[in-house]
Amino acid sequence: MPHSHLPPHPVLSLHDSQSRATVPFTPIDPAHVKVYYCGPTVYDLAHIGNLRAMLTADVLVRLLRHVYPRVTFVRNITDVDDKITARARANGEDIGSLTQRTTEEFHQDLASMNVLPPDIEPRATHNIGEMQAMIARLIENGHAYEAEGHVLFSVGSFPSYGALSGRNPEELEAGARVEVAPYKKAPGDFVLWKPSDADQPGWDSPWGRGRPGWHIECSAMSHRYLGDSFDIHGGGSDLLFPHHENERAQSLCCFPHGKFANYWVHNAMLLVEGEKMSKSLGNFLTIRDVLAQAPAEALRLLLLGAHYRSTLNYTQAGLQEARKTLDRFYRALAAGPVPETDVPEGVMQALADDLNTPKAIAELHALAAQALAGDRQAAGALKAGAGMLGLLQGDPEQWFKGDASDEDTAIEALINERLVARKARDFAKADALRDQLQAQGIVLEDTKDGTSWRRA
RNA sequence: GGUCUGGUGGCAGAAUGGUGAUGCAGCGGACUGCAAAUCCGCGAAUGUGGGUUCGAUUCCCGCCCAGACCUCCA
């Protein structure tokens, strides 16, 4: 059971949405920590709001891996959904090709953001059997019923329904803004299985050809890969209700001896230039939109610059600021050798305190200042600490100059020409050459050791 | 309408019952032929009205404002 190399507990605290408090994190089994996150519905490119959730999970998992010997991180792909069906139809494309392509794009985008892949990435369509088994069991248990080809979860059958999101079913009825389907026994009841037309994706089932409701897939996949009880379940705060509430209800009713998720982690939403990101405002930014304007690492730093539970205002100015910060950090690394170092205590403490990434970044600023003052140990600590955030692992040369290209020799030739002019004290010519490079986006820095350059 | 978050300098963004981090921007200076980078220094903030307290930005209540959720959005 207890391993001698396991850390003393607790080492980190997390804000648990269910208890609405920041609490010490105690794993069910410290030798094996289990995390489930809701992944994307693959019908379109991932946007920077999706990214924020993936990034929060990434930092959480990096931290857990640093502390615990084994972590299993499961993040699903939702590849059956009416939005997918609709988009495929609009594109004149078949569903399989849409979901395949979108999944690949998702993987590419996250890889470019240095978000580590999950250990297991189940697809909903590969887990229909598990979902059907759960649904059958819920019917047997009296927690679900059939009506007009649908199978519905009976919210009234689960006394603690609403405990996660802090709601009660009566309140929900009062404010419901969607008309209630006539076949529901109670307005809060939600679909586990629904009938499919011939032109909709469907699977044979005891309740006829149909497709799963949204919530059941995460219950089925988390159970299959993590069991009755696991440590952390996460996602965006917009998933808290109804998605996570419903997942919890299904899972606990289906597996009453389990505890489902012990801790719930939810990240806050994103604004774009002070406004809610929405299609109607036309300010919907995909990861690719942003990467066309700035390095991925700048976006990563920008998003980690706010605590995950507070609303983050994404701005162009902020993106440029993040980029300049990375210039400074990489300069600190490039100033000399970078020894292998442990993750500095300040960074660990910040992250262990409910993933306080802004505070961790403030620690990095202090280390960068020390490194620039000549403390190479601090440079090592800067790199190690930034590594916990998935930052600063690149080559500084690459950061400043980009991929080596034929252009580089031309740039260096101009720099040499300028040096000759400077030695001759022909500053007019030297400055003209510098301006010429500036116009190409090349910034020069004269040091006592010579002239270095970087792309602006 | 209901539930829940949150309002900190010009901007971004931490923290805290007892003199409010950090970064960007700004200003002054050093360095530089001039820049760039670096360094030194400066100014600058707790939405509003009450309450609790020796002391509130922090805890409590009202108000204003913003955001999220209220049946398939990260």
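These lines cover the structure that appears in this document, whether it is placed above or below. No experiment lies behind these values; they were computed from the predicted model shown.

**A word on the overall build of chain A**
Alright, step 1. Secondary structure summary: chain A contains 16 helices and 15 strands in total.
Alright, step 2. Viewed in the frame of its principal axes, chain A has a C-alpha envelope of about 90 × 55 × 35 Å.
Alright, step 3. Taking all 456 residues of chain A together, 51% fall into the buried category.
Alright, step 4. In chain A, the proportion of contacts linking residues at least 24 apart, taken out of those at least 6 apart, comes to 75%.
Alright, step 5. Per element, the accessible surface of chain A, about 20,700 Å² overall, is 51% carbon and sulfur.

**Some details on the side chain of S222**
Alright, step 1. Within the secondary structure layout, S222 lies in helix α6 (residues 214-226).
Alright, step 2. In this structure the side chain of S222 is engaged in a polar contact, spanning 3.2 Å, whose partner is the backbone oxygen of S219.

**Concerning unusual backbone geometry**
Alright, step 1. A cis amide bond links F241 to the next residue, P242, at an omega of 0°.
Alright, step 2. Inspection of the secondary structure assignment puts P242 in helix α7 (residues 240-254).
Alright, step 3. The backbone of N114 sits at a positive phi, close to 60°, despite the residue not being glycine.
Alright, step 4. Tracing the chain through its elements places N114 in the loop between α3 (95-112) and α4 (128-140).
Alright, step 5. Accessibility expressed as a relative area gives 31% for N114, which makes it partly exposed.

**Some details on the protein's contact with RNA strand B**
Alright, step 1. Surveying the vicinity of RNA strand B reveals 60 residues, the closest of which are K83, G188, G236, K276 and R434.
Alright, step 2. Of all RNA strand B atoms lying within 4 Å of any protein atom, the proportion belonging to sugar or phosphate reaches 61%.
Alright, step 3. Here a base nitrogen of RNA strand B sits 3.2 Å away from a polar atom, N or O, in the side chain of E321.
Alright, step 4. R434 is positioned such that a nitrogen or oxygen atom in its side chain is 2.3 Å from a base oxygen of RNA strand B.
Alright, step 5. Take the surface near RNA strand B: its biggest share by element is five residues, from helix α10 (residues 316-334).
Alright, step 6. Partitioned by chemical class, the residues of the surface near RNA strand B number 21 nonpolar, 18 polar and 21 charged.

Each value, and the rule that gives it
Once a new chain begins, its residue numbering starts again from 1 and follows that chain's sequence as written. As a convention, the first chain written is A and the first ligand written is 1, with the rest following in written order. Under the rules for a predicted model, residues below a pLDDT of 70 receive no local features and side-chain atom pairs below 80 are neither given nor counted, while totals for whole chains, interfaces and linings still include all residues. With hydrogens and water stripped out, all remaining heavy atoms of the structure feed into the side-chain values. In this text, helices come from DSSP runs of H or I with a minimum length of four residues, and strands from runs of E with a minimum of two, each type numbered from the N-terminal end. Type-normalised accessible area, obtained with a 1.4 Å probe on protein chains alone, sets the label of each residue: buried when under 20%, exposed when over 50%, and partly exposed for intermediate values. The contact rule is simple, with two residues in contact once any of their heavy atoms fall within 4.5 Å. Methods summary: accessible areas were calculated by the Shrake-Rupley approach with a probe of 1.4 Å, and residue burial reflects only the protein chains presented. Here a polar contact means two N or O atoms within 3.5 Å. Within protein one must be a hydrogen donor candidate and the other an acceptor candidate, and residues neighboring in sequence count only if both atoms are side-chain atoms. In this text, near means that some heavy atom of the residue lies within 4 Å of the molecule or strand in question. Gly is placed with the polar residues, together with every amino acid not listed as nonpolar (Ala, Val, Leu, Ile, Met, Phe, Trp, Tyr, Cys and Pro) or charged (Asp, Glu, Lys and Arg).

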